[in-house]
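Overview (structure and organization)
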Amino acid sequence: MKKIKIWDSPTRLFHWALVINIIAAWYTIENRLIELHEIAGHTLIALLVFRVCWGFVGSTTARFSHFITHPISALQYLVKSLKLKVHHKIGHNPAGGWMIVIMMLVIGFQLISGLLANNDLGFSGALSDYVSKATSDRLTQLHGLNFDLLVAIIWVHLVAVFFYVLVKRDNLVKAMITGFKILERQPAFRLRFASMYLAVSVFLLSAGLSAYLYYP
Amino acid sequence: MTKTISPKGYFLVVTGLSIVWLVLYIQAQPSWTQNIKETLGLSAPLQATDDSFYNSRIDPIFEKYCTACHDGNKDKGQLRLDSYRHFTFSGRSEADLRVADNNLLLERMRLPETDRLAMPPFGRERHTESELALIELWLSKGGSGELTEDDFPEAPAKAKVIKFADIDWQKIEKDRAAYAKTLKDIQQRYPHVLHYQARTSNLVVIESFSITQQLTDKTVSEFMPLAPVLTELHFANSLVSDNSIDKFLTMPNLTVINLSGTQITSSRLVELLDLENLQTVIVSKSILTDEIRAAFKQRDVRLVSVNKG
Ligand code: HEM
């Protein structure tokens, strides 16, 4: 039995910050706190941009190249996994990898539509001046609908995670908090972890972009 | 933590939870359940009756201040106020808006206009106190879609709204085009004599007031290019004579002609009755005979006699 580091801290921080900010975006709009909603939204922009960049330059398990597989093999994995015939242990499994991509797209659309949205009460998203009022109105509606889609995807995500936790006895939640997993043996390939300096620089750039959009 | 759950058991629980979630979601969409009930014939169509107090008095208030944001186009807060049916379905909060106590709609309309939650939001045209009182009155009797005006004797009478038909300026412009140039030319020759009957009309009125002593049968000939659009001729005290009668008869839109104090005689006056649209003829009393009066009476054209000459 070996304790192996799977997730680097930037990826873990990203994950939980994403959770907190999605909840914050929902809570604020539910209570008509549009200014705070916008802040949550722009925080999410910084997070998502960071994560996409990290998918190219980050640690092994964070990279798209590590977890994007052929869709067919992802489906095959899904079927086998449900029958408990395979157990992927390091990083995102092939089916989960695609879920990450879909989530990023849906969150990305939520952010872009939010930037172009308005609330008819004098607030409008940072980029809404670039489209007509009618388009902005339409995107505001889609922003609301896309949120329902996001909730549905989050549900699927939770169902999958707890399938691992409860059925496969692999506590993914704990791994996403600590970064470590207990494995029987050393992974066949070496996991490389990117430097903290790189993570901080990439995040500062992402946050800069988001802030640039926020401050007119 | 040692006993593992079987995939089957796990997905049974997941399915159960999904169904609960789905049911809650559908319950939050009262329009769906109502539509289903109506399709299955379990419920009569939910709508206000034509003569209901709602339709005559409440709906116009919502129409005026609320539907810009609360209709099928844009259901802000998931609330539609464009019909009684949708009013009943309420909004995101799922509050029953038909109940007068703690009514969310009333509460938000009562807020000071600058309040963050005020409805209509700050900056929009705001309802009056009496409109609010009317909604309160309606809700105090159950927010019904069936009660009629008779059930609300205490409601102040409905203000009469006079509605003007929208003016189609393009059409007027088009109708005028055919004679616009001719009119302009003649207007230049005779300033302040010819003008359109109204801003919305293509028909022309001639007021000879400023040229009475120069206005002869010959002058009438000069107006003839406009014959199809002439509608009123005010030729009182001019030098016009019976020779112009034939010209008047070529003016299909002529409605009013004032020939008092002119050289017109009784001999051809009744011929004017051939004009389809003629309504009023004004002449000197001295030329009128009983026969003429009778003829005008029969055609129902007003004959006005003026004491002069
Ligand atoms: C992933 C991040 C976001 C989430 C989860 C989210 C979620 C939501 C939700 C649930 C609504 C209510 C929609 C409805 O009433 O139908 C909403 C409304 C709105 N959001 Fe976001 N949002 C996000 C990001 C943003 C961003 C980045 C902006 C732009 C700065 C933004 C601007 C708006 C606006 C203007 C509304 C008002 C819509 C209305 O009044 O109808 N959102 N958002």
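Residues numbered from 1 in each chain as written. Chains lettered and ligands numbered in written order. Predicted model: local features only at pLDDT ≥ 70, side-chain atom pairs only at ≥ 80, totals over all residues. Heavy atoms only, no water.

1. Let's talk about the site of the ligand
Around the ligand, the surrounding shell holds 22 residues, and the nearest of these are His37, Gly114 and His143 of chain A together with Lys76 and Arg92 of chain B. In this structure, a nitrogen atom belonging to the ligand sits 2.7 Å away from a side-chain N or O atom of His37 of chain A. His143 of chain A has a polar side-chain atom sitting 2.7 Å from a nitrogen atom of the ligand. The set of elements that each furnish at least two residues to the shell around the ligand consists of α1 (9–30), α2 (34–57), α5 (94–115) and α6 (133–167) of chain A. (Near = heavy atom within 4 Å. Polar contact = N/O pair within 3.5 Å; in protein donor to acceptor, adjacent residues only side chain to side chain. Helix = DSSP H or I, 4+ residues; strand = E, 2+ residues; numbered from the N terminus.)

2. A look at the UniProt feature "transmembrane region" (unreviewed entry) in chain A
Within this structure's numbering, the places UniProt gives as "transmembrane region" (unreviewed entry) are residues 12–29, 41–57, 95–117, 149–167 and 194–215 of chain A. Secondary structure across residues 41–57 of chain A comprises 100% helix and 0% strand; the distance between its end C-alpha atoms is 24 Å. (UniProt positions renumbered as here; feature names shortened; annotations may be inferred.)

3. Considering the UniProt feature "domain: Cytochrome C Planctomycete-type" (unreviewed entry) in chain B
The residues that UniProt annotates with the feature "domain: Cytochrome C Planctomycete-type" (unreviewed entry) are residues 66–121 of chain B. This span, residues 66–121 of chain B, is 23% helix and 7% strand, and a straight line between its end C-alpha atoms measures 10 Å.

4. Focus: the nonpolar core
By size, the foremost hydrophobic cluster in this structure holds 39 residues, and its most contacted members are Leu194, Phe223, Phe235 and Phe248 of chain B. Taken together, the elements giving at least two residues each to this core come down to α7 (169–189), β4 (204–207), α8 (217–223), β5 (230–234), α9 (245–248), β7 (280–284) and α10 (290–299) of chain B. Excluding residues within four positions of it along the chain, Phe248 of chain B makes contact with Val220, Leu233, Phe235, Val240, Leu254, Ile257, Leu259, Leu272 and Leu275 of chain B. Residues Ala25, Phe50, Ile107 and Ile153 of chain A belong to the second largest nonpolar core, which totals 28 residues. (Core = buried A, V, L, I, M, F, W, Y, C linked by side-chain atoms within 4.5 Å. Buried < 20%, exposed > 50% of the residue type's maximum accessible area, 1.4 Å probe, protein only. Contact = heavy atoms within 4.5 Å.)

5. Considering the UniProt feature "domain: Cytochrome b561 bacterial/Ni-hydrogenase" (unreviewed entry) in chain A
Mapped onto this numbering, the UniProt entry gives "domain: Cytochrome b561 bacterial/Ni-hydrogenase" (unreviewed entry) at residues 7–179 of chain A. Helix makes up 73% of residues 7–179 of chain A and strand 0%, and the two end C-alpha atoms of the span are 5 Å apart.

6. Topic: the layout of surface pockets
Empty space among the atoms becomes apparent when a probe as large as a water molecule is rolled across them. All names here are of chain A. Roughly 1400 Å³ of internal volume is contained in the second largest pocket. Lining the second largest pocket are 49 residues, with Met99, Ile100, Met103, His157 and Val161 positioned closest to its centre. For the lining of the second largest pocket, the leading source of residues is α6, giving 12 residues. Class assignment of the residues belonging to the lining of the second largest pocket gives a composition of 38 nonpolar, 9 polar and 2 charged. (1 Å grid on protein atoms, 1.4 Å probe; cavity = no way out; pocket = protein on both sides within 12 Å on 5 of 7 lines; lining within 4 Å. Points joined across faces, edges and corners; volume = space filled by probe spheres on them. Nonpolar A, V, L, I, M, F, W, Y, C, P; charged D, E, K, R; others polar.)

7. Description of the interface of chain B and chain A
Bring the parts together and some accessible area is lost; that lost area is often taken as the interface size. Between chain B and chain A, the residue contacts involve 22 residues of the former and 25 residues of the latter. Of the roughly 1900 Å² buried where chain B meets chain A, counting both sides, 57% is carbon and sulfur surface. Between Asp137 of chain A and Lys74 of chain B there is a salt bridge whose closest N-O contact spans 3.1 Å. Summed over the shared surface of chain B and chain A, the number is 9 residue pairs in polar contact (both at pLDDT 80 or more). Examining the composition of the side of chain B that touches chain A, we find that 8 residues originate from one element, helix α1 (residues 7–27) of chain B, more than from any other. Residue classes in the side of chain B that touches chain A are distributed as 11 nonpolar, 4 polar and 7 charged. (Buried area = accessible area lost by both parts, 1.4 Å probe. Salt bridge = Lys/Arg side-chain N within 4 Å of Asp/Glu carboxyl O.)

8. Some details on helix α8 (residues 196–214) of chain A
Residues and elements named next belong to chain A. The end-to-end C-alpha separation of α8 is 26 Å, in line with the 27 Å expected for 19 residues at 1.5 Å each. Turning to α8, its buried residues are Ala199, Val202, Ser206, Ser210 and Leu213. All buried residues of α8 fall inside an arc of 75° around its axis, so they share one side. Looking at α8, the residues exposed on the side facing more than 90 degrees away from the buried face are Tyr197, Leu204, Leu205 and Tyr212. Turning to α8, the residues buried within the fold contact α1, α2 and α5. (Expected span 1.5 Å × (residues − 1). Arc of directions from axis to C-beta.)

9. Some details on the side chain of Gln34 of chain B
All names here are of chain B. By the secondary structure assignment, Gln34 is in helix α2 (residues 30–39). The exposure class of Gln34 is buried, given its relative accessible area of 12%. A distance of 2.7 Å separates a polar atom in the side chain of Gln34 from a polar atom in the side chain of Glu38. If we skip the residues at most four places from it in the chain, Gln34 touches Ser43, Ala44, Leu46, Arg85 and Phe89.

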